Structures are given as C-alpha cells and as structure tokens.
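# Commentary on secondary and tertiary structure
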Amino acid sequence: MEQDYPQKTGIDKILKEAFSYWNQTLMYNIIFSLIYFSVSFIVLYYFGMKYGLLQKFEDIFPLALKNPTAYRTAAQEIMQTGEAMKFSYVLLAVFAFLYPLNLGLMKMFRKIDLKQKINFEDLFAGYNGTNFFIYASFFLFWYIIFEYAKLLVIPAVLWVFVTLFCAPLMFFMDKRIMESIQLTIKALRGNFITVFVCVLVAILFRYIGIFSIIGALFTFPFWNAMIYAMYKNFFREMD
C-alpha cells in the first residue's frame, strides 16, 4: 500500500467517528479494560508483596494524615531502594506486555470500515506472530525516551505528539518507527489544532471514568478510537 500526504479533516467529523467506533465496540472496550486492569493488579500486587513495598507503604501510611511532609520524605526514601527499582522494571515490563492490546482494538475499527464482522480473536491481533515483539519493543523505545524527556516537561509533550500515529502507521502500513515519526510530523504541520482538540477530548473522556471504577472500564480504551479516527482521516491508503 502507499499513502498520500496527510490530509486536512474537520474536528467534528473525527469526533463523530471516534465515538462511533467506541460505541460499536463497547463490549470489547470493557474486555480490554478488564484484561488491562486485572493483569496489572495481579502482577504488581504480587511483586509489591515480594519486594516488601506494600508493607513499607502501609507502615508509613499514618504519616499521610499527621505529617504529609514527613510522609512524602519517607515515600521518596522507599522509592530509592533497590526493591523499588526492581519493581519499576516489573511495572515497565507489564505495560510493554499489555501495549499490543491497543492494536487489537484498532484492527476492529478497520474491520468496521470494511464492513467485516469483528470477533474476540481480533482483540489479540497485536500478539500474532512477530507483532508482539514489534509493538512491545516500540513501547519500550517510546517509554525510555519519554522518561528522559519528561524531566523538562515540554520535550515530553512533543514526544507524545510526534509519535501519536506511529502504532497505526506501523500496523496498517508497515512503516518503520522513524518513517512513522516523519509522517506524523507532516500530519501535525497541517492539522495541529485539530489534533490538539481531539487529543484533549480523548484525554478528558478517557479519564473521566476514574471517578467510578465501572466508568473506567468503559472510557479507558477510548484513546484508541480517537487515534484511529485521526489516522484514518489524515492518511489516505490506496491498494
């Protein structure tokens, strides 16, 4: 497949399409959230107990109400221990392992466009063949740079934007990471206001669910629908 240069598209069209994709795959969005939160909780709870971090935070918890400053100091000391460092590696590994789930939802959105029937197996498209290694590695690459960039805040925000469409470009158009970044930058140059507004809406809608556990199951995966809707409108694919 080959692509035209990034196109201009209205915000209202992208928003309508994103909510439509999300609504049509609502059951799979819930399954996505259940898998994501369940795996994260089980693994992190196990290693939190294994490294004794949960017990350490439980011991200093009374300070949170009595002396918040002392609590923050104690918490920082805990996070500087070798056990906390090991835990952070586990945390990174879990997020890298779960990242390919996002590609499964995007495959479903593509099948909706093609008027094909979606099924449960589609949710794990990011784990088929070499896909898992490709997208888990991409996440690790993305996260390592983000960790350094966030020290200055603005570079971190820029990094998020210039990699916004990398996953779908790699998944649907078989682009490499650097080429995907270049194409994303081209899309941003002509559509920055549109992208900014859509990203803001996606963030607000995605995290509005944190006010209730049940709500999070519905809204947490919405980010994927917005990314795909923007990708589909900005990058024209031709057979």
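This section reports on the structure supplied with the text. Treat the numbers as computed from the prediction; the structure is a model and nothing was measured. (Residues numbered from 1 in each chain as written. Predicted model: local features only at pLDDT ≥ 70, side-chain atom pairs only at ≥ 80, totals over all residues. Heavy atoms only, no water.)

### Brief notes about the nonpolar core
Heads up, the rule is: To form a nonpolar core, buried Ala, Val, Leu, Ile, Met, Phe, Trp, Tyr and Cys residues must be joined to one another through side-chain atoms within 4.5 Å. Buried means the residue's accessible area, taken with a 1.4 Å probe over protein chains only, is under 20% of the maximum for its type, while exposed means over 50%, and partly exposed covers the values in between. Note on definitions: a residue-residue contact is assigned when non-hydrogen atoms from the two residues lie within 4.5 Å.
In terms of nonpolar packing, the biggest core is built from 67 residues, with Phe165, Val195 and Met230 touching the most fellow members. Discounting residues that sit within four places of it in the chain, Phe165 has contacts with Thr184, Ala187, Val195, Ile227, Met230, Tyr231, Phe234 and Phe235.

### Looking at a nonpolar patch on the surface
Put simply, the test is: Put simply, a patch holds well-exposed residues, over 30% relative accessible area, that have no salt bridge, with like charges counted together within 9 Å and Val, Leu, Ile, Met, Phe, Trp or Tyr side chains within 5 Å. Here, Shrake-Rupley sampling with a 1.4 Å probe gives the accessible areas, and only protein chains in the shown set may cover a residue. For salt bridges, the criterion is a side-chain nitrogen of Lys or Arg within 4 Å of an Asp or Glu carboxyl oxygen. Strands here are runs of E lasting at least two residues and helices are runs of H or I lasting at least four, both read from the DSSP assignment and numbered beginning at the N terminus.
The grouping of Phe41, Ile42, Tyr45, Met49 and Leu54 at the surface amounts to a nonpolar patch, some 540 Å² of accessible area in total. Of all the elements, helix α2 (residues 26-50) adds the most residues to the nonpolar patch, at four residues. Along the chain, Phe41 falls in helix α2.

### Describing the side chain of Asp122
Counting through the fold element by element, Asp122 comes out in the loop between α6 (101-113) and α7 (131-149). Not counting residues up to four positions away in its chain, the partners in contact with Asp122 are Gly104, Lys107, Met108, Lys111 and Lys117.

### A word on the packing of α6 against helix α9 (residues 166-173)
Which entries qualify depends on this criterion: What counts as an axis is a line fitted to C-alpha atoms, over the stretch in contact for a helix, and the angles between N-to-C directions run from 0 to 180 degrees. Here is the rule for angles: anything less than 35 degrees is roughly parallel, anything more than 145 is roughly antiparallel, 65 through 115 is roughly perpendicular, and the remaining ranges are oblique. If you view the pair so one helix is near and one far, a crossing is left-handed when the near helix is turned anticlockwise from the far one by less than a right angle, and right-handed when it is turned clockwise. Each residue gets one label: Ala, Val, Leu, Ile, Met, Phe, Trp, Tyr, Cys and Pro are nonpolar, Asp, Glu, Lys and Arg are charged, and the others, such as Gly, are polar.
Orientation of α6 relative to α9, taken along the N-to-C sense of each, is 60°, at an axis distance of 11 Å. Considering the angle they form, α6 stands oblique to α9. Crossing angle aside, the handedness with which α6 passes α9 is right-handed. Of α9, the residues touching α6 (which contributes Leu103, Met106, Lys107 and Arg110) are Ala167, Pro168, Phe171 and Phe172. Looking at the contact of α6 with α9, its residues break down into six nonpolar, no polar and two charged.

### Focus on the environment of Leu123
In this structure, Leu123 sits in the loop between α6 and α7. Considered as a pair, Leu123 and Met108 are 15 residues apart in the sequence and their alpha carbons are 7.4 Å apart. Residues contacting Leu123, with those up to four places away along its chain left out, are Tyr28, Ile31, Phe32, Ile35, Leu101, Gly104, Leu105 and Met108.

### Remarks on the pattern of salt bridges
Summed over the entire model, instances satisfying the criterion amount to seven salt bridges. Glu179 is the partner of Lys175 in a salt bridge, and the nearest nitrogen-oxygen pair spans 3.3 Å. Taking the relative accessible area as the measure of exposure, Glu179 reaches 33% and is therefore partly exposed. One continuous salt-bridge network, built from bridges that share partners, spans Lys13, Glu17, Asp113 and Lys232.

### A closer look at the state of the cysteines
Short version of the rule: Note on terminology: pairs of cysteine sulfur atoms within 2.5 Å are recorded as disulfides.
Within this structure, the stated rule accounts for zero disulfides. A disulfide-free cysteine, Cys166 has its sulfur positioned 18 Å from the sulfur of Cys198, the nearest such atom. Relative accessible area serves as the criterion here: at 0%, Cys166 is assigned to the buried category. Judged by relative accessible area, Cys198 falls into the buried class, the value being 0%.

### Comments concerning the packing of aromatic side chains
We count it as follows: The pairing test for Phe, Tyr and Trp rings, Trp by its six-membered ring, is centres within 6.5 Å, and the orientation test on the planes gives stacked under 30 degrees, edge-to-face over 60, and tilted for anything in between.
If you walk through the whole model with that rule in mind, you get 40 aromatic pairs. Where Phe41 meets Tyr45, the ring centres are 5.7 Å apart and the plane angle is 20°; that geometry is what we call stacked. Here Phe41 pairs with Tyr45, and both are found in helix α2, just four residues apart, close to one helical turn. You can call Phe41 exposed: its relative accessible area is 57%. On the accessibility criterion, Tyr45 (44% relative accessible area) is partly exposed. Both rings, one in Phe109 and one in Tyr228, keep their centres 5.7 Å apart while their planes meet at 45°; by these two values the pair is tilted.

### Observations concerning unusual backbone geometry
The backbone phi angle of Lys115 is positive, close to 60°, even though this residue is not glycine. The topology assignment puts Lys115 in the loop between α6 and α7. Located in the positive-phi region is Asp174, a residue other than glycine, with phi close to 55°.

Worth remembering: the numbers are spatial, not functional.
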